[in-house]
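Results of the structural survey
Here is how the chains run, residue by residue.
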Amino acid sequence: MLLAIDIGNTNIKYGIYGKDGVLAASFRVSSRLSRTADEYGSVLINLLASKGLKTSDITGVIMSSVIPSLNYTICHMCEYFFGIIPTMVGPGIKTGLNIRAENSREVGADIIVNSVSAFNKYGGPVIVIDFGTATTFDVISEKCELLGVVIAPGIKTSLEALTSNTAQLPTVELESPKSVIGRNTKASMQSGIIFGFAGLVDNIIKRIKKELKLEEIKVVATGGLGEIIAKEVKSLVVVDRTLTLDGLKIIHELNENI
């Protein structure tokens, strides 16, 4: 079985793929620099056991990361608990993606993985919107070229900044309010965050289409809050919660016989 590991700024996502290429299980733990390889390993072993899986079931590991300082810890965990050195998504790895950025080394591994996944699953041209710690828009052409990226603040990041820098605004649940005009503090904040980001998404998509001179373009959303925002945007958006993990599996398949 393949263990796919996506190290994000907020969470680490694990995906377990069987020989048939189907996602058999997935887990999410918080990204903490203070945790040791033993701590990450013991947590993962317990998570695997909850699905009836053992360390010996894992025969391959692929990993992407946007936190370089965690890479050694997670790689050491994989070597110690699974006896496997992970394949890292980075320079030199085969992805099939042509990166058109001015400096390809500036492009995050998460953006590469999501772009590869979206193109292979949905074709191009396609926009990938990742609602994570930051909100990113990856633009991929019909020739599997990463044309560029738009980076905006994340939804939770914005909400945390709002509540931490104001004396009287509370933390609220991220859900769509019944109306855009709020009649209490909670609804007012929900309206600003949810409808505000929906407007941001629609406007960015509109501008990308205009710049590329396209009438239509596929749009795929991923990340924890993708479903909430997708319901409020005018553009047709496909929500794919396993996009990143599936992308890791695709890249592993491209490199396993090299």
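Before reading further, recall that the structure is shown in the block above.
Computed from a predicted model, the values in this text were never measured in an experiment. (Residues numbered from 1 in each chain as written. Predicted model: local features only at pLDDT ≥ 70, side-chain atom pairs only at ≥ 80, totals over all residues. Heavy atoms only, no water.)

For helix α3 (residues 109–122), with 14 residues, the first-to-last C-alpha span of 20 Å sits near the 20 Å given by 1.5 Å per residue. The complete set of buried residues in α3 reads A109, I111, I112, V113, N114, S115, V116, S117 and A118. One or two positions beyond α3, positive phi appears at G123, with a value near 80 degrees. (Helix = DSSP H or I, 4+ residues; strand = E, 2+ residues; numbered from the N terminus. Expected span 1.5 Å × (residues − 1). Buried < 20%, exposed > 50% of the residue type's maximum accessible area, 1.4 Å probe, protein only.)

A few words on the packing of α3 against helix α7 (residues 243–255). Relative to each other, α3 and α7 sit at 85 degrees, their axes nearing to 8 Å. Here α3 is positioned roughly perpendicular relative to α7, judged by the angle of their axes. Between α3, through V113, N114, V116, S117, A118, N120, K121 and Y122, and α7, the contact on the second element is made entirely by L243, T244, D246, G247, L248, I250 and I251. Considering only residue class, the contact of α3 with α7 consists of eight nonpolar, five polar and two charged. (Axes fitted to C-alpha atoms, helices over the stretch in contact; angles between N-to-C directions. Parallel < 35°, antiparallel > 145°, perpendicular 65-115°, else oblique. Contact = heavy atoms within 4.5 Å. Nonpolar A, V, L, I, M, F, W, Y, C, P; charged D, E, K, R; others polar.)

With that settled, consider the packing of aromatic side chains. Counting across every chain of the model gives one aromatic pair. For the ring pair Y80 and F81, a centre distance of 5.1 Å and an interplane angle of 80 degrees mean the geometry is edge-to-face. Sitting over the ring of Y40, R35 keeps its end group 5.5 Å from the ring centre. (Phe/Tyr/Trp six-rings, centres within 6.5 Å; stacked < 30°, edge-to-face > 60°. Lys NZ or Arg CZ within 6 Å of the ring centre and 35° of its normal.)

On to the sheet that holds strand β7 (residues 126–131). An order of β6-β9-β8-β7-β10-β11 is seen for the six strands of this open sheet, with the pairing classed as mixed. Bordering the open sheet on either side are β6 (98–99) and β11 (238–239), each of which pairs with just one other strand. Where strand β10 (residues 218–222) and β11 come together, two bridges link them in parallel fashion. The residue bridging V220 from the neighbouring strand is V238, located in β11. Its contacts with the sheet put α3 on β6, β7, β8 (134–140), β9 (145–153), β10 and β11, and the angle it makes with β8 is roughly 50 degrees. (Pairing = 2+ DSSP bridges.)

Right, let's get into a positive patch on the surface. Taken together, the side chains of K206, R207, K210 and K234 define a basic patch exposed on the protein surface. Counting through the fold element by element, K234 comes out in the loop between α6 (226–230) and β11. (Patch = residues over 30% accessible without salt bridge, like charges linked within 9 Å, V, L, I, M, F, W, Y side chains within 5 Å. Areas by Shrake-Rupley, 256 points an atom, 1.4 Å probe, with all protein chains shown as cover. Salt bridge = Lys/Arg side-chain N within 4 Å of Asp/Glu carboxyl O. Lys, Arg positive; Asp, Glu negative; His and termini not counted. Charge placed at Lys NZ, Arg CZ, Asp CG, Glu CD.)

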